[in-house]
Each structure stands twice: as structure tokens, then as C-alpha cells.
Amino acid sequence: MATSTTAIEVAAPTGPDDVAQGVARPGRRPRLLFLRNSKALVGIVILVFFGILAVVGPWIAPYDPDQVSTALLQPPSGAHWLGTDHTGRDILSQIIVGTRGVLVVGLVAGLGATALGVIVGVTAGFVGGLGDEGLSALSNVFLVIPQLPLIIIIAAQLPSAGGITVALVIGVTGWAWGARVLRAQTLSLRKRDFVEAARATGERTWRIVLAEVLPNLTAIIAAGFVGTVTFAVLSQVTLAFIGITPVSEWNWGTILFWAQNNLALQRGAWWWFVPAGLCIALLGMALTLINFGIDELVNPRLRSTGMHARTLRRRGIRPRVGFTPVVRPTGPGVRDVGRPALHHAPHTEEER
Amino acid sequence: MRFVLRRAAFYLFTAWAAITINFFVPRLLPGDPVTALMGRMQGRIDSNAEESLRVLFGLDQDMSLWDQYVHYWQMLLHGDLGLSFTHFPTPVADIVTQALPWTVGLVGIATVIAFLLGTAVGTGIGWRRGTWADSLLPITTFFSAVPYFWLGLIAIAVFAVNLGWFPSNGSYDRGMVPSLSWEFVGSVIYYGTLPALTIVVSSISGWILGMRNMMVTVSSEDYVTVAHAKGLPARAVVVGYAARNAILPQVSSFALALGFVVGGTLVMEMVFSYQGIGYTLYQAVSTHDYPLMQACFLVITLSVLVANLVADLAYAALDPRTRQEG
């Protein structure tokens, strides 16, 4: 989606319109801006929760997830909070222990794909010419080829498709989207004055890339990373559900694999497949919320949109398309209703 | 015209790349699948088939990699994708051609519904931003974060097992003979409703979000302000000025979404035992039927490429700027 690129480009210089934060201090950017965004905060809290679970999981799990017992297919009870499966294994323990597998794969795949994407995208955008043509064609090819079938045929033919192997396969196939966005942004950065200035002062190319270009791509790289992690988690869980990855390795998909293959649906054993799916959804939602936060951080136009309807009404702002509510920095009582959105830095300077 | 040619050339190139990937994947991976397979099938595969398997997997050591590649292309151009292991000795091509129409129908209808509905809802939310409509966003976020197959499981548990409104698996009534009668078509629609609905629900959020963000961006453009200033009714501004321009990136992002939706649909077919490509792929994976797996991947990829080409042509028809550039 070229959308986000252009939007980010336009909005890169953050003006004084910190409406969403309710802060009218001109000039200085408030610290920890990212955490003030309620969406991002919720996302991070959920992510941290799962992160802790991934680290301490095996120690706090009430049972060994592989331990069979005589309590077959029991609904949730005091002894087994989320019930048991067809061989009497505790499902809560399976979920807790499986968290690590999910997060590790997501992280490794995300890091791999992001690294490849940055290398290909920034190189393509910076080198230009024939190299750019070749690299863009390569990433376009990978964009168009459907990823999940590709991952399936690669993973299914590997002798042992453990967690890390799957993560690497996802990383190798999933970098193209990031590369394309980064290339577009690098192209626009390459022509900016500060890069030209660096070149004029005789900086080496790699230094220009590392010190001038990359820092300006941070938000896009972060957003791409979070997006890839989401995709990796979903792909890995799907692979486990189909039964491609070893079923002895616990992750949330493995639980669903067992549930599906033992007719949990037909037996009405909702406690078997609902919690694992909810965990996946919760993790995915946390990552998406973080991505929204990043988007709104770099694009103030989306940010003021994120204001709650109630807040807007309290301030007497009537939301209308084509107008971005802007609070003037002079005096707390003054508010501007329905002023056209002008986000370009020179304009905001004049207005102040 | 040049635009169309350039896109066509790109898709040809991509098709070549996909076929080449398909050629190299089994060759680069360690192990000897044929021997392992012969052992597992215990003599149910005769030596002729073994020979063709070896060609398919590139295990005939007397040929150079280049010769193998040429040979592979020859087989491919003759429509010979090898023989299936599980449905021996049915050619893989036959199995795939039987399964393809089901998937194309399911994905096609579900995607069109999701696109139209999602774009309409996104327009509404983008227009009424900052009101109650924004609270719809977290809900759609939730649905986009849920894996397709899990939503399918829930749908089966609720609507098929508990309420009994829809059948829980299959693509038509097993007691019927496939024909073009109303009865049979009705049965196909009845069996396809639940899978299609689930795909729509899980893929719609992407369209809503994309359209909503684009509406927010576009509606700050000068021409929208001018339209307001001219005193046009709000409705005319939304439809004729804002949405009309905001929809363009939606069409171009169709390509990216499609691969994702197809992937999700494949898994959905596995959940619903819907007799399309996805279910075939699932069976191939669980029985280690490598030729069938490869063929499924090829067919899926080529179909997605064709759909992309169509989306590109639609984009060119909608946006004159792309035509001028070329």
C-alpha cells in the first residue's frame, strides 16, 4: 500500500499540533510520546505479559504439558483451570509452555525478514539504476508469490521442520514488503538537502546510509518488524495446525492440531480450542495496536483522528472530513474548530 | 498499452521465477525423498514411476542441473506434473484441475464481497471519524489478528455443531451426483456459505482499515475542501470526491491482499474439508505426496498472478495517470 508511505512522507515533520496528547507546549517534543498513545500502551502491556510468560513459562506451569492423567477430556475445574485433553493432559500448561515457541519464532522470523528487507530496500533505493531495477523486481516477485503455500512446500519437504527452521523459512520468504516500503522512502530521502550536504562534505556512502538515512527510516523499519512478527506468528501457528511442524513441540498451533484431530468440535470441548485461539488473537491484536501507535506517532493526521469521540465533544469540536482539529499553543481556552489541516513545517511556522 | 505490456512482462517473469523456485526447492533440500517414499509405500510404486519421480526431484545423477531444468520445462509444457503418490497412478494434473474451480469460486466470491463491503464500511468510518464509528476499528483489528482457521473452527462449533444451521464439512451433499441442476447448485451454495462467510469476516478488516486511512488522508486534500466550499451536499463530496480517489490504492493493494487471502482460504478449506486446492494440498502434505504438493503450489501461484494482472488492468482503466506514464 503506497498509502502509508506517502502519508508518512508528508507528515514527517511533527508540528505543534499535539492535540491527541492534550499538550500544547510548543517547540519541545514531550518525552515518551509513544507510551502516551493509549493503543500502543495497551499493545505493549499485552506483549510484555506474553514475554514474561515465555521466559518463566515452564516453571510456573501447574503440570507437565506432556503428562497424561486419568482425567480425560475434563471441562475447566479447580484442578485443571482450562480442562484437559483426550489423554488427560492439562491444557493451561500446554498454553503456558507453548508461549515460548510462538514468541521465539515470531522474533527470529521478524528479525531475519527485517534485516533482509532493510538491506535490499535501502540498497535499491540508494544505488539506483540497474541495481535498483533488479532488486525491485526481486522484491516484487516475492511480494506476488503467495507466501503461505511457499512456506508450506518448503517446510513440508525439510526433514525436520522445528521452530527455528520454520522461523528462518518465514524470514527468507517474508522480507519483500518491508523492502518495497523502505526503497520508496529511501528514494525520497536521497534527494533531501541533508543527504546532499553530507555527500558534499565528502562522507563515505556507507556512513551516509548508516548515519543519515537509516535513522530517518526507524519508524518504518519498526512498523515493518512488528508486521512481520504478526505474520510469522500466524504462519507458524498455521503450520503447526496443519501438522507440518513436529507435534511434540508445544506451541498454540499444536494444541489446535490435537483438538482438530480428536474431534474437539464435535465433542463440544470448547475449552480445548477456544483459549489457544484467543491467545493468538490477543497477541496479534497487541502487535497491531503497537503498529497503530507507530503510525500515529509519525503521522499526526491519523493521531488527532485517534481522539475519542467523547474528548472531541467535550472540547466542542465537531469532526468533519477535510479538517483536522488544531489547538493553538497560545492559551488553553482558545480552540480552533474546523481549521484546514496544514501539516507542512513552513506553514505551521508562519501560523505560530 | 505500454503499461499493460510491461505488467504482462513482469508477471511472465514472476511466473518463470515461481516455476524455477518450484524446480529448485526439492533439489536444494537435504535427503532423498524418493527412496524414503519408496520405503514408506512398500512396493506400491513401480519402477517406471520411480524413474519419473527421480526426474521430478532431480535425483537422476547422470544429468547435469541444466539438462534437468530443460527436462523439467518439457514435462511442464506438456502438462505433465508427475503422478500422485497417494492417488496412484492418477496424474497430478487431473487432481489439480478437479480441485481448482472450487477454490476459485470460493475465494473469488468471498473476496469480491469482502472488498465491496469493506470499502463501503471504510468510507463510512473514514467520513465519520472521531465519532462512535471509530469504535468499530478495534473490533475489526481483533478479527484481523485471529488466524483464519481458528475462526473457521469457532464457526463450525457454533453454527454447524451447536445450532445445526450449516453442514460442518464438505462442499456439496454427498448423496448427489454433480450436475448443473438447480438442486445441486443450491447444495453447493448451502455448503459454501459458512466457509465463504468466515473468509469475508476475517479478510474484511484489511479493506476497512485501508479505505478508512485513505479517506482520512484524501479528505484533507484541497479539492475536497473546494468541494465543501462550493456548497455541494456532503454525500456528493464523499462519493464523488473523497471516496473516488481514496479507492485507487485499494485496487492496487489488491495484489498484496490476494496472496494473503488465498493463503488463508487454503487453510480454511482444510478446516471445512472443502474439496479445493487447499484441501488437496493438506492431503498431499499429510501423506508426503511431493508431486501433488509442487503442483498445488504452481497452480496457486499462477492463479494469483492472473488475478493480479486483472487487478492491474482494472487499475489502469480507473486511473488515467498510470496509462500516461507508460
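Because the structure is predicted, anything quoted here is derived from the model rather than measured. (Residues numbered from 1 in each chain as written. Chains lettered and ligands numbered in written order. Predicted model: local features only at pLDDT ≥ 70, side-chain atom pairs only at ≥ 80, totals over all residues. Heavy atoms only, no water.)

Engineer: Got a minute to help me understand the overall build of chain A in this structure?
Structural biologist: Of the regular secondary structure elements, chain A holds 16 helices and zero strands. Residue pairs in contact within chain A that sit at least 24 positions apart in sequence constitute 67% of those at least 6 positions apart. Accessible surface, chain A as shown: approximately 15,700 Å² in total, 64% of it carbon and sulfur. (Helix = DSSP H or I, 4+ residues; strand = E, 2+ residues; numbered from the N terminus. Contact = heavy atoms within 4.5 Å. Areas by Shrake-Rupley, 256 points an atom, 1.4 Å probe, with all protein chains shown as cover.)

Engineer: Looking at this structure, I do not really get the environment of Val-237 of chain B. What am I missing?
Structural biologist: All names here are of chain B. With respect to the helices and strands, the residue Val-237 is situated in helix α10 (residues 234–252). Take Val-237: its relative accessible area is 0%, and that puts it in the buried class. If near-sequence neighbours (up to four positions away) are discounted, Val-237 is found in contact with Val-224, Ala-227, His-228, Leu-232 and Ala-242. (Buried < 20%, exposed > 50% of the residue type's maximum accessible area, 1.4 Å probe, protein only.)

Engineer: Would you mind showing me how to read the domain arrangement of chain B here?
Structural biologist: Interface size is commonly expressed as the accessible area that is lost once the parts come together. All names here are of chain B. What the domain assignment reports for chain B is domain 1 (2–77) and domain 2 (92–322). Contacts between domain 1 and domain 2 engage 19 residues on the former and 16 residues on the latter. When domain 1 packs against domain 2, close to 1,500 Å² is buried across both sides, 76% of that on carbon and sulfur atoms. The tally of links from domain 1 across to domain 2 stands at one salt bridge. (Domains from an automatic or database assignment. Buried area = accessible area lost by both parts, 1.4 Å probe. Salt bridge = Lys/Arg side-chain N within 4 Å of Asp/Glu carboxyl O.)

Engineer: Any chance you could explain the packing of aromatic side chains here in plain terms?
Structural biologist: The description of an aromatic ring pair rests on the distance of the ring centres and on the angle between the ring planes. Residue and element names in this part refer to chain A. Counted according to the given criterion, the structure contains 14 aromatic pairs over all chains. With centroids separated by 5.9 Å and ring planes inclined at 80°, the aromatic side chains of Trp-270 and Trp-271 adopt a geometry described as edge-to-face. With relative accessibility at 8%, the residue Trp-271 sits in the buried group. An aromatic cluster is defined as three or more aromatic residues linked by ring pairs; in this entry it consists of Phe-49, Phe-50 and Trp-252. Positioned above the aromatic ring of Trp-258, the side-chain terminus of Arg-89 is 5.0 Å from the ring centre. (Phe/Tyr/Trp six-rings, centres within 6.5 Å; stacked < 30°, edge-to-face > 60°. Lys NZ or Arg CZ within 6 Å of the ring centre and 35° of its normal.)

Engineer: I would appreciate a short explanation of the interface of chain A and chain B in the present structure.
Structural biologist: With 56 residues of chain A in contact, the opposing surface of chain B contributes 65 residues. Carbon and sulfur atoms supply 77% of the area buried between chain A and chain B, which totals about 5,500 Å² over both sides. Scanning the region where chain A abuts chain B turns up one residue pair in polar contact (both at pLDDT 80 or more). Listing elements by their share of the side of chain A that touches chain B, those giving two or more residues are α5 (129–144), α6 (147–157), α8 (176–190), α11 (218–242), α12 (252–261), α13 (270–298), α14 (300–305) and α15 (309–314) of chain A. (Polar contact = N/O pair within 3.5 Å; in protein donor to acceptor, adjacent residues only side chain to side chain.)

Engineer: Where do I start with a nonpolar patch on the surface in this structure?
Structural biologist: All names here are of chain B. A contiguous nonpolar patch, built from Ile-109, Ile-113, Leu-117, Val-121, Leu-136 and Ile-139 and spanning about 490 Å² of accessible area, is present on the exposed surface. Mapped by element, the contributors of at least two residues to the nonpolar patch are α5 (92–127) and α6 (136–145). No other element matches the four residues that α5 contributes to the nonpolar patch. By the secondary structure assignment, Leu-136 is in helix α6. (Patch = residues over 30% accessible without salt bridge, like charges linked within 9 Å, V, L, I, M, F, W, Y side chains within 5 Å.)

Engineer: Looking at this structure, I do not really get helix α8 (residues 182–218) of chain B. What am I missing?
Structural biologist: Residues lying three or four places apart along an α-helix face the same way, a consequence of the helix completing one turn every 3.6 residues. If you check α8 of chain B, its first and last C-alpha atoms are just 46 Å apart, much less than what 37 residues at 1.5 Å a residue would give, namely 54 Å. The sharpest bend along α8 of chain B reaches about 40° and sits at Thr-193 of chain B, with the proline Pro-195 of chain B one to four residues further on. (Expected span 1.5 Å × (residues − 1). Bend = angle between axes of the 7 residues up to and from the residue.)

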